[in-house]
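The primary structure of each chain is shown beneath.
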Amino acid sequence: MAATKEEIITGLAEIVNEIAGIPTEDVKEEKSFTDDLDVDSLSMVEVVVAAEERFNVKIPDDDVKNLQTVGDAAKYVLDHQG
Amino acid sequence: MTAKIRPAKGSPYARIHGVGGYRPTRVVPNEEILQHIDSSDEWIRSRSGIVTRHWAGPDETVAEMTLEASGKAIADAGLTADQIGTVIISTVSHFKQTPAIATEIAHRLGAGTAAAFDISAACAGFGYGLTIAKSLVVEGSADYVLVVGVERLSDLTDLSDRSTAFLFGDGAGAVVVGPATEPGIGPTRWGSEGDKADVISQTVSWEAYREHRVEKFPALRQEGQTVFRWAVYEMARVAQEALDAAGVAPDELDVFIPHQANMRIIDSMVKTLKLPEHVTVARDVETTGNTSAASIPLAMERLLATGQARSGDTALVIGFGAGLVYASTVVTLP
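Residues numbered from 1 in each chain as written. Chains lettered and ligands numbered in written order. Predicted model: local features only at pLDDT ≥ 70, side-chain atom pairs only at ≥ 80, totals over all residues. Heavy atoms only, no water.

1. Description of the nonpolar core
Moving on, step 1. Ranked by internal contacts, the top residues of the largest apolar core, which has 49 residues, are Met235(B), Phe256(B), Ile265(B), Leu316(B), Ile318(B) and Phe320(B).
Moving on, step 2. Sorting the residues of this core by element identifies α2 (41–55) of chain A together with α7 (224–246), α8 (263–273), β13 (314–321) and β14 (325–332) of chain B as the ones contributing at least two each.
Moving on, step 3. If one sorts the elements of this core by residue count, α7(B) sits on top with 11 residues.
Moving on, step 4. Shared between two domains, this core holds at least three residues of each, these being domain 1 (13–180) and domain 2 (189–332) of chain B.
Moving on, step 5. Apart from the residues lying within four places of it in its own chain, the contact partners of Leu316(B) are Ala239(B), Ala242(B), Leu243(B), Leu253(B), Val255(B), Phe256(B), Ile257(B), Leu273(B), Ser328(B), Thr329(B) and Val330(B). (Core = buried A, V, L, I, M, F, W, Y, C linked by side-chain atoms within 4.5 Å. Buried < 20%, exposed > 50% of the residue type's maximum accessible area, 1.4 Å probe, protein only. Helix = DSSP H or I, 4+ residues; strand = E, 2+ residues; numbered from the N terminus. Domains from an automatic or database assignment. Contact = heavy atoms within 4.5 Å.)

Structure below.
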C-alpha cells in the first residue's frame, strides 16, 4: 500500500536521524537538507538510497539535485512510489 | 598435421610473496591545497577524511618510485630480481606511452629478459594486475610476477577544482606473486561498466590539448555523488561476491583493504557490507590521499609494517574507478 505524505515525512525523518544524527522532530517539510539539516552531498546519497529501499522507488542521480527540501523528497516519493 | 602441443606446467596455486611501497618525501597538508581553492580544512576532512597526501618531486618520477617499491617487494619476498619472470605495471599517469615503462623497470631492476607490459585499469589496476599475475603463475608462463600500481596524480590534478584538488596523491605499491601449495589468491570478481565512462575521466584528450583546443592541461574529474553511490552500494555487492566465491565467511576475515578513494566511501562500504567488528579496515587515505592503482598495495604494506595486520591474515581487497572498472578478491597477506 502506498505511503501517505505524512508517513513519508516521518520515514524520511527516521532516515535522516539514522544517517546524519539529526533529531527526528527537526526534520520538517520546509527544511533544506543541506542548509538546515547539515546533510552534505554524500550523506544525501545515503538518504536517497535508504528512501529508495523504504518506499520502493527509484531516484536517479539526475533527480537527486532537485530534492532540496524534505518536502521535495516527500513529493518525489509520493509521485513515484510503486 | 595437428601436432599434440605440450602445455606449460604451472603451480597448482598462487599467493602474494612480498609487498613494498614508496611514498614521495614531500607531505602536502590541506593548508597548502587551500591556497588554491575556496574551502576549509574541516570541509576537506569531513568530505574525504584526507589530512595529508604525498606529492612527488621532480626526481620522484614514475620509474624511480616504481623501482623503490619493487625493490622492497622483491626483498620482502626473499627473492632477487633475476627470479622475476614477468613485470606488470598499472598506471594512468606515466606520460610516455611507448615503450611500456615495464620494460625499463625490468631492465633496471635486473630482471633480465622478463616479459614486461603496462596495463590501464585506473583504480582497479592493482586487482587487474593481480588477477593476470595469478593466472600466469598457475598456467605456467612465469614463476614470479611483479605487479606494481604507480601514480603521479598530482600531475593530473586541477588545483582550481574545489571538488578534486585535495583528493589525489602520488606513490607506488608493488607485490610479487608466485607459486603456492595452498590457494593464496581467491577467484576475482571483476568487470567494467563502459556506459558510465563519463563518471570519472580525464577532462580533455591529449589531442585536444596538443591542438590548442583547450588551454588547461588535462586533469581528472569525477561526478562525486554518482561515484559515491556506485562505490558504496554496487561495489559492496561485488566485494560480497568475492568473499562468497572464495568461500570465506565474514567471521574468517581479518582485514579489509578497499581502494583508498575517500574515507566516506570506506566507512559506508564497511557499514553496507556489515563487516564484523574484529576486521581491520585500511584507512591509509587519511595520510596518503587517493593514489589510484597504488592505493591497495600501499595500504597493505602500511598495515603490515605497523603491525595492524600480520602475515597469513585473510584480506578482502577491492579496487574500483574510472571506466568504470572494478576487481575484488580475497588474499592471504604475505
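2. Quick word on the domain arrangement of chain B
Residues and elements named next belong to chain B.
Moving on, step 1. Segmenting chain B into domains produces domain 1 (13–180) and domain 2 (189–332).
Moving on, step 2. Computed from C-alpha coordinates alone, the two centres of domain 1 and domain 2 are separated by 14 Å.
Moving on, step 3. Domain 1 puts 46 residues into the contact, and the matching count from domain 2 is 44 residues.
Moving on, step 4. Overall, the association of domain 1 and domain 2 removes approximately 3500 Å² of surface from exposure, summing both partners, and the carbon and sulfur fraction of that is 64%.
Moving on, step 5. When residues of domain 1 are sorted by the area they lose upon contact with domain 2, Arg-23, Cys-123 and Tyr-128 head the list and together hold 20% of the total. (Buried area = accessible area lost by both parts, 1.4 Å probe.)

3. Brief notes about α2(A)
All names here are of chain A.
Moving on, step 1. In this model, α2 (15 residues) spans 21 Å end to end at C-alpha, consistent with the 21 Å of a helix rising 1.5 Å per residue.
Moving on, step 2. α2 sits mainly inside the fold: 11 of its 15 residues count as buried.
Moving on, step 3. Of all the residues in α2, the buried ones are Leu-42, Ser-43, Met-44, Val-45, Glu-46, Val-47, Val-48, Val-49, Ala-51, Glu-52 and Phe-55.
Moving on, step 4. If you check the start of α2, you find a side-chain oxygen 3.0 Å away from the backbone N of Leu-42, and it comes from Asp-40. (Expected span 1.5 Å × (residues − 1). Polar contact = N/O pair within 3.5 Å; in protein donor to acceptor, adjacent residues only side chain to side chain.)

4. A word on the packing of aromatic side chains
All names here are of chain B.
Moving on, step 1. Per the stated rule, a full pass over the model turns up eight aromatic pairs over all chains.
Moving on, step 2. Judged by centre distance (5.2 Å) and plane angle (85 degrees), the rings of Tyr-209 and Phe-217 are edge-to-face.
Moving on, step 3. The exposure class assigned to Tyr-209 is partly exposed, which follows from its relative accessible area of 30%.
Moving on, step 4. On the accessibility criterion, Phe-217 (35% relative accessible area) is partly exposed.
Moving on, step 5. Taken together, a centroid distance of 6.2 Å and an interplanar angle of 75 degrees make the contact between Trp-230 and Phe-320 edge-to-face. Of the two residues, Trp-230 is situated in helix α7 and Phe-320 in strand β13; the sequence distance between them amounts to 90 residues. Note on accessibility: Trp-230 and Phe-320 belong to one class, buried.
Moving on, step 6. Among the aromatic residues, those joined into a cluster by ring pairs are Phe-95, Trp-206, Tyr-209 and Phe-217.
Moving on, step 7. Over the aromatic face of Trp-43 sits the side chain of Arg-162, whose NZ or CZ is 5.0 Å from the ring centroid. (Phe/Tyr/Trp six-rings, centres within 6.5 Å; stacked < 30°, edge-to-face > 60°. Lys NZ or Arg CZ within 6 Å of the ring centre and 35° of its normal.)

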